[in-house]
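Analysis of the macromolecular model
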Amino acid sequence: YIWDYTSGLDEVEKNRWLIQKGREFIREDPGRTLRRMAVKFGAFYSPVYTPCGYGRLDKLDGKIVLADFEFDWLSLIGAPHALLIYLGSLLLLGQWRRMNRSQQAAIVQILVWIVVLTGAHLITFGETRHRLPLDSFFMLFTAMAATLRIRDCRQEQMR
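A brief report on the enclosed structure follows. (Residues numbered from 1 in each chain as written. Predicted model: local features only at pLDDT ≥ 70, side-chain atom pairs only at ≥ 80, totals over all residues. Heavy atoms only, no water.)

1. Some thoughts on the packing of aromatic side chains
Tallied over the entire structure, the rule returns seven aromatic pairs. Between the aromatic rings of Phe41 and Tyr45, the centroid separation amounts to 5.1 Å while the plane-to-plane angle is 50°, which identifies the pairing as tilted. On the accessibility criterion, Phe41 (43% relative accessible area) is partly exposed. Judged by relative accessible area, Tyr45 falls into the buried class, the value being 15%. Residues Phe44 and Tyr45 carry aromatic rings whose centres are separated by 4.9 Å and whose planes lie at 85° to one another, so their mutual orientation is edge-to-face. Judged by its relative accessible area of 1%, Phe44 is buried. (Phe/Tyr/Trp six-rings, centres within 6.5 Å; stacked < 30°, edge-to-face > 60°. Buried < 20%, exposed > 50% of the residue type's maximum accessible area, 1.4 Å probe, protein only.)

2. Things to note about the side chain of Gln95
Within the element layout of this structure, Gln95 appears in the loop between α4 (79-94) and α5 (101-123). According to the relative accessible area criterion, Gln95 is buried, its value standing at 10%. Not counting residues up to four positions away in its chain, the partners in contact with Gln95 are Ala145, Leu148 and Arg149. (Helix = DSSP H or I, 4+ residues; strand = E, 2+ residues; numbered from the N terminus. Contact = heavy atoms within 4.5 Å.)

3. Focus on helix α6 (residues 128-158)
Over its 31 residues, α6 runs 43 Å from end to end, which matches the ideal 45 Å to within 8%, given 1.5 Å per residue. Roughly 45° is the biggest bend found in α6, and it falls at Leu134. For α6, the complete set of buried residues consists of Thr128, Arg131, Leu134, Asp135, Phe138, Phe141, Thr142, Ala145, Leu148 and Asp152. The elements touched by buried residues of α6 are α3 (30-44), α4 and α5. (Expected span 1.5 Å × (residues − 1). Bend = angle between axes of the 7 residues up to and from the residue.)

Here's what the structure looks like:
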């Protein structure tokens, strides 16, 4: 679709055209934009790798539709890992009051980065591969949650 309209343009012209089309898209139907952002959020944080299959794009009645889609079962391979690090991250946030100020400050800095990167992908492309750099932070959060829990269990045993 984009190639049909941008072939023959240099990079600057192509970028200007794409920015113009993006702004028109948002102005025409802000609700649709918000719905698409929700879908992109789901794809960005999906435990199932996206794209999760293969197909082709066809034009039908002036719209672009996905045809002959086949689910790729290998896209499920990372689901247990992703679910574990998401759960661990939520457990860490649940232990917020038990952390000292320096730990809280470090977590807030990481959370700001996560929010900024997520926001950028909500207005552009939200796919699993773009989220993967954030997984290291979620793993860190999970490790911190486990460490705090182990520390609490040891303190209870010593009492």
